[in-house]
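# Reading the structure
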Amino acid sequence: MAPSRIFLLTGFAPFGGERTNPSWQIARELDGEEIGALQIKSVRIPVGCAKAVRRINAAIVRYRPRAMLGLGEAGGRTAISLEQLAINLADERGGLKEKGDPGLRPVIAGAPDAYFARLDLQRILAGLDEERIPATISLSAGAYACNALMYASLHLLRRRARVPVGFIHLPYEERQALRHRSLPSMSLATMEQAVRIATITIASAV
Ligand code: PCA
């Protein structure tokens, strides 16, 4: 079988009462684009830890990606967040936020406690700095669907060490901000430019 040229880019469905999710708006926009030697394949992920793990598992088996980047919304964040770490804990029912009782389960039973992103985050950050796009390295992707997707991707691709794998959290986009006027937001166009810079940086290292 010829080696895949696929750069797997994922975004999430809307959740938490939102009508849109910038992560999917941007992933959908980039679907099919050629990035260096690779071609982007965008996949929409349902919001839920177990559902996200099942969907990413199927996508990895089907596309055998040469690179992979997950995108998600993190309403309230002030900057593009380059996630450094995914943990083997899943807060499937939101117990941590709602009841203070985490009720945490492993994302994948018996798997390691955590994985680091397999991306050159410093290089991506430098590229974003050059374009004056506010970004930061984040040390927690949370314990919900985004962390589960990132963790599962790193676990499932653990034996394909040359495949870069990582995750970026995005702030609310400007239209969502109309419903969250005291929270920070960023324009969809700026976030799309940021994701493009990240994908180009990632693909150039493959
Ligand atoms: N953000 C959530 C789940 C889906 C999304 O876009 C999270 O940060 O886990």
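Coordinates for the structure precede this section.
Residues numbered from 1 in each chain as written. Predicted model: local features only at pLDDT ≥ 70, side-chain atom pairs only at ≥ 80, totals over all residues. Heavy atoms only, no water.

## Brief notes about the overall build of the protein chain
Within the protein chain, the secondary structure is distributed over 7 helices and 11 strands. Against the globule reference of 17 Å for 206 residues, the protein chain gives a C-alpha radius of gyration of 16 Å, in line with a compact fold. Dimensions of the protein chain, computed from C-alpha atoms along their principal axes, come out at roughly 50 × 40 × 30 Å. Residues classed as buried in the protein chain amount to 52% of the 206 residues present. Considering only residue pairs separated by 6 or more positions, the protein chain has 78% of its internal contacts joining residues 24 or more positions apart. For the protein chain, the accessible area works out to roughly 10,200 Å², and carbon and sulfur atoms hold 51% of it. Here the protein chain holds 27 positive side-chain charges and 19 negative ones, and the gap between their average locations is 8 Å. (Helix = DSSP H or I, 4+ residues; strand = E, 2+ residues; numbered from the N terminus. Rg over C-alpha atoms; globule rule 2.2 N^0.38 Å. Buried < 20%, exposed > 50% of the residue type's maximum accessible area, 1.4 Å probe, protein only. Contact = heavy atoms within 4.5 Å. Areas by Shrake-Rupley, 256 points an atom, 1.4 Å probe, with all protein chains shown as cover. Lys, Arg positive; Asp, Glu negative; His and termini not counted. Charge placed at Lys NZ, Arg CZ, Asp CG, Glu CD.)

## What to know about the layout of surface pockets
By volume, the largest pocket amounts to about 680 Å³. The wall of the largest pocket is formed by 27 residues, among which Phe15, Glu73, Lys97, Tyr144 and Ala145 lie closest to the centre. Mapped by element, the contributors of at least two residues to the lining of the largest pocket are α3 (95-98) and α5 (145-156). In terms of residue class, the lining of the largest pocket is made up of 11 nonpolar, 8 polar and 8 charged. (1 Å grid on protein atoms, 1.4 Å probe; cavity = no way out; pocket = protein on both sides within 12 Å on 5 of 7 lines; lining within 4 Å. Points joined across faces, edges and corners; volume = space filled by probe spheres on them. Nonpolar A, V, L, I, M, F, W, Y, C, P; charged D, E, K, R; others polar.)

## As for the sheet that holds strand β2 (residues 34-35)
Across the sheet, 7 strands lie side by side as β2-β3-β1-β4-β9-β5-β8; this open sheet has mixed pairing. Of all strands in the sheet, those with a lone pairing partner are β2 and β8 (135-138), marking the two edges. Summarising the sheet, strand β1 (residues 6-12) and strand β3 (residues 38-45) pair through 7 bridges and their orientation is parallel. Note on β3: the bridge partner recorded for Thr10 is Val43. Against the sheet, helix α2 (residues 49-63) engages β1, β3 and β4 (67-73), with an angle of about 155° to β3. (Pairing = 2+ DSSP bridges. Axes fitted to C-alpha atoms, helices over the stretch in contact; angles between N-to-C directions.)

## Side note on the pairing of β1
A large share of β1 lies buried, amounting to 7 of its 7 residues. With burial as the criterion, each face of β1 is covered, one bearing Ile6, Leu8, Thr10 and Phe12 and the other bearing Phe7, Leu9 and Gly11. Here β1 pairs with β4 via 4 bridges, running parallel. Note on β4: the bridge partner recorded for Phe7 is Ala67.

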